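# Descriptive analysis of the structure
In case you want the letters, here they are:
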Amino acid sequence: MASKITQQDHVDSHVEMVSLEGKLEDYDLGSGKGVADITLNGSIPVNCSKNSSFHSMPSNGVLESIKIVIFSTKINLLIPFGPAAILVKAFGRHHGWVFFLSLMGIIPLAERLGFATEQLAFFTGPTVGGLLNATFGNATELIISIYALKTGMMRVVQQSLLGSILSNMLLVLGCAFFGGGLVHSHKEQSFNKSAAGVNSGLLLMAVMGLLFPAVLHFTHTEMHYGKSELALSRFSSCVMLIAYAAYLYFQLKSQKDLYDPVEAETPNEGSHVDDDETPEISKWESIVWLAVLTLCISVLSEYLVDAIEGASVAMNIPIAFISVILLPIVGNAAEHASAIMFAVKDKLDISLGVAIGSSTQISMFGIPFCVVVGWIMGRPMDLNFQLFETATLFMTVLVVAFMLQEGTSNYFKGLMLILCYVIVAASFFVHVDPKSIEDKLGNT
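Structure report, in brief. (Residues numbered from 1 in each chain as written. Predicted model: local features only at pLDDT ≥ 70, side-chain atom pairs only at ≥ 80, totals over all residues. Heavy atoms only, no water.)

### Digging into helix α6 (residues 154-183)
Definition in use: Each helix corresponds to a stretch of at least 4 residues labelled H or I by DSSP, and each strand to a stretch of at least 2 residues labelled E; elements are numbered beginning at the N terminus. Here a helix's expected span is defined as the number of its residues, less one, multiplied by 1.5 Å. Note that the bend at a residue is defined as the angle between axes fitted to the seven residues ending at it and the seven residues starting at it.
Here α6 is 30 residues long and its end C-alpha atoms lie 42 Å apart, about the 44 Å a rise of 1.5 Å per residue gives. Ser167 marks the point of greatest bend in α6, at about 35°.

### Details of the packing of aromatic side chains
Rule in force here: Side-chain rings of Phe, Tyr and Trp (the six-membered ring for Trp) are treated as a pair once their centres are within 6.5 Å; stacked means planes under 30 degrees apart, edge-to-face means over 60, and tilted covers the remaining angles. For the exposure calls, accessible area comes from a 1.4 Å probe over protein chains only, and a residue counts as buried if that area is under 20% of its type's maximum, exposed if over 50%, partly exposed in between.
Within this structure, the stated rule accounts for seven aromatic pairs. Ring geometry for Trp97 versus Phe100: centroids 6.1 Å apart, planes at 85°, classification edge-to-face. Residue Trp97 and its partner Phe100 are both found in helix α4 (residues 95-124); the two are separated by three residues, about one turn of the helix. For Trp97, a relative accessible area of 54% corresponds to the exposed category. Relative accessible area serves as the criterion here: at 37%, Phe100 is assigned to the partly exposed category. An aromatic cluster is present here, built from Tyr244, Tyr247, Phe365 and Phe369 joined pairwise through their rings.

### So, the pattern of salt bridges
Condition: A side-chain nitrogen of Lys or Arg and a carboxyl oxygen of Asp or Glu constitute a salt bridge if their distance falls within 4 Å.
Tallied over the entire structure, the rule returns two salt bridges. The partner of Glu389 in a salt bridge is Arg155, and the shortest N-O contact between them spans 2.7 Å. Of the two residues, Glu389 sits in helix α14 (residues 387-404) while Arg155 sits in helix α6, which places them 234 residues apart along the sequence. In this pair, the class of Glu389 matches that of Arg155, namely buried. A salt bridge links Glu406 to Lys413; the shortest N-O distance between them is 3.3 Å. A residue is classified by how much of its surface remains accessible, and Lys413, at 10% relative accessible area, is buried.

By themselves these figures say nothing about function.
Here it is, written out as structure tokens:
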């Protein structure tokens, strides 16, 4: 009898080992995971590695993909506002309504852009995912800027790009810290402060590039009045573009380990290993949706720019406030939604990659790129953002740099950043920009 039990146990043990070996073959051994990652019952965690088998999921059908992206959230009820703006523009000249409807129509598209980028981040990892989110999130601002350059609205270009930096650094990052801090109130969230320090240094370099042309102008120390300032701006823009290219190489190739996310705390006994989500759409579906949504946002952005001046008169709101505050809030809706979602999921490194990475991309690539494009177009686009705007950017970079130096965040830090943005918004609401008035009179 004992012999039979021993033999049966041996057979069962052999069957279990074969089953376990079969699961190990499906497991991504190249990810550095081992037997310790397998649960006691022999099952494999659903989200054990970014390269695991669910990332090779088959593509959804077209209708299923549309259902997931378009009909899975209530904010998409605002999508009809976009076509409504086009109709109002076609059958009337109510600039206030066109501006409002375009503004509301871009919000759900930008949020879905963040969703598509989040799905793509499953396949690319946090560093590239944050860079992609920043790039596609800034597509709206860059398209608006190029269109405004063609129409000669240089101040709208400058102020909208400046507003994008301020919005990302204060409002987006502040809401991410605040939302993540409330959800994870039992601990301080942490992030890679080395990577944050590199971004802070680049932002200070951008402030330097914007500060010198403004100081040169307001101290009247130009060697050739009106020409030295423009020449310095174009030279500095080329240097900033080179620096940004070097930063991308440093981030993605040379020092990839520096941008590795901070390891999260060990889960408690009551937590589940498979709390992380899996992608809902495939990699190529994510790429297609990014292209489609970016195109739709670009179309509505054109209507938005055309209606700015008329909306300023109709709603009695300064153009500076519209350009610096309202446009970036809508243009940054993708970053805003994504940064908060990632912070709530305790993926703060991706939130910083989205918020601070977007600010770095606008300041070190977007602004110099527009100067170079204006140079090609024959437009005198420069880096003289005027003293008030440059001082605002300088103070913002200092405040955020101090907030990031410890490598931790909580809801109070987020609240302080949000309140700083409220002060900035109030300042631009009472700020009169003579340059904007000149542009407005010149285009009427």
